[in-house]
Amino acid sequence: VYQNTVYAVWQNNADGKIYFDKSTDGGLTWNILRKSIDTGTSAVIDIDASGNIYICWTLSNTLFFVKSIDGGVSFSNKITVSSGYAPDMAVSKSGGYVYIIAKNPSSSNSLIFKKSTNGGISFGYGTTVTDPNAYYIQADQPKVECSESARFVYIVFAVHYNPGAIGSYHRDKAVFARSQDYG
């Protein structure tokens, strides 16, 4: 939501495409734009304090990203962020920092964390996020948020434990991580 405009992204199961739309009357009416962004799944959206729109999604275990600086009338060319799926995204209020966390297709017990310091023009070297407990089998449901300045980055995710692992029993828990230096 930016001012009285509500933005949405979703996957249309009939054609497999990611769509974007907005409502300029607080959600009372829609279908102003209804733009097809690309084919994919798991789309997420965020808006910065200037109303710029950021969208990330997955296609074939690859994360893609676009940005609009004109309220969704047009979007940047899509860029490949990284391998990954089921992403979440946080954008600083200034729009300078974009953080993406996603499930790692190469390892079910870790997540991929990517950061842009230039508003999503490019994404630098990423890092892997894991729980220090080595006996879990799956990291799931990653979420990321950042402070207004983007200095503080918060990540939470679920872990599902292997009931047969040494010293553990079947249980799930949430893991929280925090960065104090812009991720």
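Up top is the structure.
Residues numbered from 1 in each chain as written. Predicted model: local features only at pLDDT ≥ 70, side-chain atom pairs only at ≥ 80, totals over all residues. Heavy atoms only, no water.

Trainee: Help me understand the nonpolar core in this model?
Mentor: In globular proteins that are soluble, nonpolar side chains generally tend to be buried together. Residues Tyr99, Ile101, Phe113, Val129, Val144, Ile155 and Phe157 are the most contacted members of the largest nonpolar core, which totals 15 residues. Residue assignment for this core shows that the elements contributing at least two residues are strand S9 (98–103), strand S10 (111–116), strand S12 (136–146) and strand S13 (153–161). Looking at this core, the element that brings in the most residues is S13, giving four residues. The contact partners of Tyr99, leaving out residues within four places of it in the chain, are Asp88, Met89, Ala90, Phe113, Lys114, Lys115, Val144, Cys146, Ala150, Val153, Tyr182 and Gly183. Grouped together as the second largest cluster of nonpolar side chains are 12 residues, Cys56, Met89, Val98 and Phe123 included. (Core = buried A, V, L, I, M, F, W, Y, C linked by side-chain atoms within 4.5 Å. Buried < 20%, exposed > 50% of the residue type's maximum accessible area, 1.4 Å probe, protein only. Helix = DSSP H or I, 4+ residues; strand = E, 2+ residues; numbered from the N terminus. Contact = heavy atoms within 4.5 Å.)

Trainee: Before we go on, may I ask you to explain the pairing of strand S2 (residues 17–23) in this structure?
Mentor: Within a regular strand, side chains alternate between the sheet's two faces. Among the seven residues of S2, six are classified as buried, and the element is accordingly described as predominantly covered. Hairpin connection from strand S1 (residues 6–12) to S2: four residues lie between these consecutive antiparallel strands, with Gly16 at a positive phi of about 75°. Taken together, the four bridges between S2 and strand S3 (residues 35–39) define a ladder with antiparallel strand orientation. Paired with Tyr19 across the strands is Ser36, a residue of S3. (Pairing = 2+ DSSP bridges.)

Trainee: What is the right way to read the sheet that holds S2 from this model?
Mentor: Hydrogen bonds between backbone groups are what pair the strands of a sheet, and the pairing can be parallel or antiparallel. If you walk across this open sheet you meet the three strands as S1-S2-S3, and the pairing is antiparallel. Looking at which strands have only one partner, the edges of the open sheet turn out to be S1 and S3. Across this sheet, the average inter-strand angle for adjacent strands is 25°, counted without regard to direction. (Axes fitted to C-alpha atoms, helices over the stretch in contact; angles between N-to-C directions.)

Trainee: Can you help me understand the packing of aromatic side chains in this one?
Mentor: Pairs of aromatic rings are described using the distance from one ring centre to the other and the angle between the two planes. Here the structure, examined in full by the defined rule, presents eight aromatic pairs. For the pair Phe20 and Phe75, a centre-to-centre distance of 5.2 Å together with 80° between the ring planes defines the contact as edge-to-face. Linking Phe20 in strand S2 with Phe75 in the loop between strand S6 (62–68) and strand S7 (79–83), this pair joins segments that are 55 residues apart in sequence. Note on Phe65 and Phe123: the rings are 5.2 Å apart at their centroids and 75° apart in plane angle, and the pair reads as edge-to-face. Placement of the pair is Phe65 in strand S6 and Phe123 in the loop between S10 and strand S11 (127–129), with a sequence separation of 58 residues. An aromatic cluster of at least three residues, connected via ring pairs, comprises Tyr7, Phe20 and Phe75. Cation over ring: Lys78 sits above Phe64, and NZ or CZ is 4.5 Å from the ring centre. (Phe/Tyr/Trp six-rings, centres within 6.5 Å; stacked < 30°, edge-to-face > 60°. Lys NZ or Arg CZ within 6 Å of the ring centre and 35° of its normal.)

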